[in-house]
Amino acid sequence: MSNFDFSDFTKTSIDSIGAKASPRVKEVMPILLRKLHEFLVEADVTHEEMMAAFDLLVKAGQVSDDKRNEILLIFDILGVESLVDALDQTRPARKGGKTTEASPSAILGPFYRYGVPEQPNGTTIIRQDEPDAPYTHLYGTIYDGDGKPLPNAVVDIWHDAPDGLYDAQTPEKPEYHCRGRFRTDENGRYDTVCLRPTPYPIPYDHQAGQLLTMMDRHPYRPAHIHYWIEADGHRTLVSQIFDRESDYLTDDAVFAVKDKLIVDFKPIPKDYVPPKGLEGKMKYELEQDFRLERV
Ligand code: DHB
Ligand code: FE
């Protein structure tokens, strides 16, 4: 096979795409085939290596369910979700439109949950006592594309518990611990009590962990709080904020940190009145605004 022509081979596979394929498939698949074949040739991949990769993906599929998406974890540690997020946020500007006026986005990650019930502003998302944990007053304003406060926006917030685990990973804890959904009031404001989060390893007990070990990498993410903000007539904003004092800001396992999303937790003011039951527990406050853009 010394005269096997790799470029002919790739062309044949691209030419096999049929006329009835959708325009997007016709656009995307030739690029994918070209790059994929290029990779195989350049890396000189063996059959054994290919089967090991397939085996990893099959096993990742087998450990996945609606609470755990190992495939997403694998692609996150390869930077795929962060890169796609950056593409999404810069697409209008790259296509000749205007730069987005929305706050910076960040990846969704594997722990978003659909259908979380709304709760009133001023109530906490800490659903079981966390002794000695840094309780935090988290509040802010959501602005619209013109910079005006936006009432009636839905604000989903979730972060890890002090043990570094999300609610879906700890079914023995109360439902939606460290997670809640709010609706901005007539002044565009949301208001809750959460915890100042802790750095957290992405789940590394399965194939994503194997891949990290293979590359001699650690599984940690800097301390962060997730947001999903949606409002009628506006593009949904998925983002995260990162604690400036956290480790791993410069080596996030999933490459999601952006400078503008690094925030400072401040000591709780003396005159803050916490929700009932949290007297004496409050340590920090964080005022965190976001701006959406019109669709
Ligand atoms: C990932 C993202 C997270 O926010 C997290 O807590 C764990 C994993 C991820 O992108 O894989
Ligand atoms: Fe997270």
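Rules used in this analysis
Residues numbered from 1 in each chain as written. Chains lettered and ligands numbered in written order. Predicted model: local features only at pLDDT ≥ 70, side-chain atom pairs only at ≥ 80, totals over all residues. Heavy atoms only, no water. Salt bridge = Lys/Arg side-chain N within 4 Å of Asp/Glu carboxyl O. Helix = DSSP H or I, 4+ residues; strand = E, 2+ residues; numbered from the N terminus. Bend = angle between axes of the 7 residues up to and from the residue. Buried < 20%, exposed > 50% of the residue type's maximum accessible area, 1.4 Å probe, protein only. Contact = heavy atoms within 4.5 Å. Donors = N, O, S within 2.8 Å, 3.2 Å for Na, K, Ca; no water. Core = buried A, V, L, I, M, F, W, Y, C linked by side-chain atoms within 4.5 Å. Near = heavy atom within 4 Å. Polar contact = N/O pair within 3.5 Å; in protein donor to acceptor, adjacent residues only side chain to side chain. Areas by Shrake-Rupley, 256 points an atom, 1.4 Å probe, with all protein chains shown as cover. Nonpolar A, V, L, I, M, F, W, Y, C, P; charged D, E, K, R; others polar. Pairing = 2+ DSSP bridges. Phe/Tyr/Trp six-rings, centres within 6.5 Å; stacked < 30°, edge-to-face > 60°. Lys NZ or Arg CZ within 6 Å of the ring centre and 35° of its normal.

### Some remarks on the pattern of salt bridges
Stage number 1. Enumeration over the complete set of coordinates arrives at 23 salt bridges.
Stage number 2. Put simply, Lys 98 and Glu 101 hold a salt bridge, and the shortest N to O gap is 3.6 Å.
Stage number 3. The partner of Arg 196 in a salt bridge is Glu 245, with the nearest N and O atoms 3.3 Å apart. Note that Arg 196 is positioned in the loop between β5 (189-195) and β6 (200-201) and Glu 245 in the loop between β9 (237-243) and β10 (262-263), a separation of 49 residues in sequence.

### Some details on helix α5 (residues 80-94)
Stage number 1. The largest bend along α5 reaches roughly 35° and is located at Asp 88, with the proline Pro 92 sitting one to four residues downstream.
Stage number 2. Three or more residues of α5 are buried, namely Glu 81, Ser 82, Asp 85 and Gln 89.
Stage number 3. The inward-facing, buried residues of α5 abut α4 (70-77) and β9.

### A short note on the coordination of the iron ion (ligand 2)
Stage number 1. Protein-derived ligands of the iron ion (ligand 2) are Tyr 166 (OH), His 224 (NE2) and His 226 (NE2), with the metal-ligand distances lying across 2.1 Å.
Stage number 2. Donor residues for the iron ion (ligand 2) sit on one chain with the sequence pattern Y-x57-H-x1-H. Within this pair, whereas Tyr 166 is found in the loop between β3 (154-158) and β4 (179-183), its partner His 224 is found in strand β8 (residues 224-230), the two being separated by 58 residues in sequence. Of the two residues, Tyr 166 and His 224, both sit in the buried class.

### With respect to the nonpolar core
Stage number 1. In terms of nonpolar packing, the biggest core is built from 32 residues, with Ile 142, Ile 157 and Tyr 227 touching the most fellow members.
Stage number 2. Every element with two or more residues in this core is listed here: β2 (135-143), β3, β5, β8, β9 and β12 (282-287).
Stage number 3. Apart from the residues lying within four places of it in its own chain, the contact partners of Ile 157 are Ile 125, Leu 138, Cys 178, Arg 179, Gly 180, Phe 182, Tyr 190, Thr 192, Ile 225, His 226 and Tyr 227.
Stage number 4. Counting residues in hydrophobic clusters, the runner-up holds 24 residues, among them Tyr 112, Tyr 200, Val 254 and Ile 262.

### Let's talk about the site of ligand 1
Stage number 1. Neighbouring ligand 1 are 13 residues, the closest being Asp 76, Tyr 200, Arg 221, His 224 and His 226.
Stage number 2. The side chain of Asp 76 places a nitrogen or oxygen atom 2.3 Å from an oxygen atom of ligand 1.
Stage number 3. Contact distances for ligand 1 include 3.1 Å between an oxygen atom and a side-chain N or O atom of His 224.
Stage number 4. In isolation ligand 1 exposes 290 Å². Once the protein is present, 100% of that is buried.
Stage number 5. Sorting the residues of the shell around ligand 1 by element identifies α4 and β8 as the ones contributing at least two each.
Stage number 6. Taken together, the residues of the shell around ligand 1 break down into 8 nonpolar, 3 polar and 2 charged.

### What about the side chain of His 177?
Stage number 1. In this structure, His 177 sits in the loop between β3 and β4.
Stage number 2. Polar contacts involving the side chain of His 177 include one to the side chain of Glu 130, which spans 2.6 Å.
Stage number 3. Setting aside anything within four residues of it in sequence, one finds His 177 in contact with Ile 125, Ile 126, Arg 127, Gln 128, Glu 130, Ala 161 and Asp 167.

### A few points about the pairing of β12
Stage number 1. Two elements, β2 and β12, share 5 bridges in a ladder whose sense is parallel. Residue pairing in the sheet places Tyr 135 in a bridge with Met 282 of β12.
Stage number 2. In terms of strand pairing, strand β11 (residues 266-267) meets β12 through 2 bridges, oriented antiparallel. Counted as the bridge partner of Lys 266 is Glu 285 from β12.

### Examining the packing of aromatic side chains
Stage number 1. Applying the stated criterion across every chain yields a total of 11 aromatic pairs.
Stage number 2. Consider the rings of Tyr 114 and Trp 228, whose centres lie 6.0 Å apart with planes at 75°: the pair is edge-to-face. Of the two residues, Tyr 114 sits in the loop between α5 and β1 (123-124) while Trp 228 sits in strand β8, which places them 114 residues apart along the sequence.
Stage number 3. Judged by centre distance (4.9 Å) and plane angle (10°), the ring pair of Tyr 220 and Tyr 248 falls under stacked. Of the two residues, Tyr 220 is situated in strand β7 (residues 220-221) and Tyr 248 in the loop between β9 and β10; the sequence distance between them amounts to 28 residues.
Stage number 4. Judged by its relative accessible area of 28%, Tyr 220 is partly exposed.
Stage number 5. Chaining the aromatic ring pairs together yields one cluster made of Tyr 112, Tyr 114, Trp 158 and Trp 228.
Stage number 6. Stacked on the ring of Tyr 284, the Lys or Arg Arg 196 has its end atom at 4.6 Å from the ring centre.

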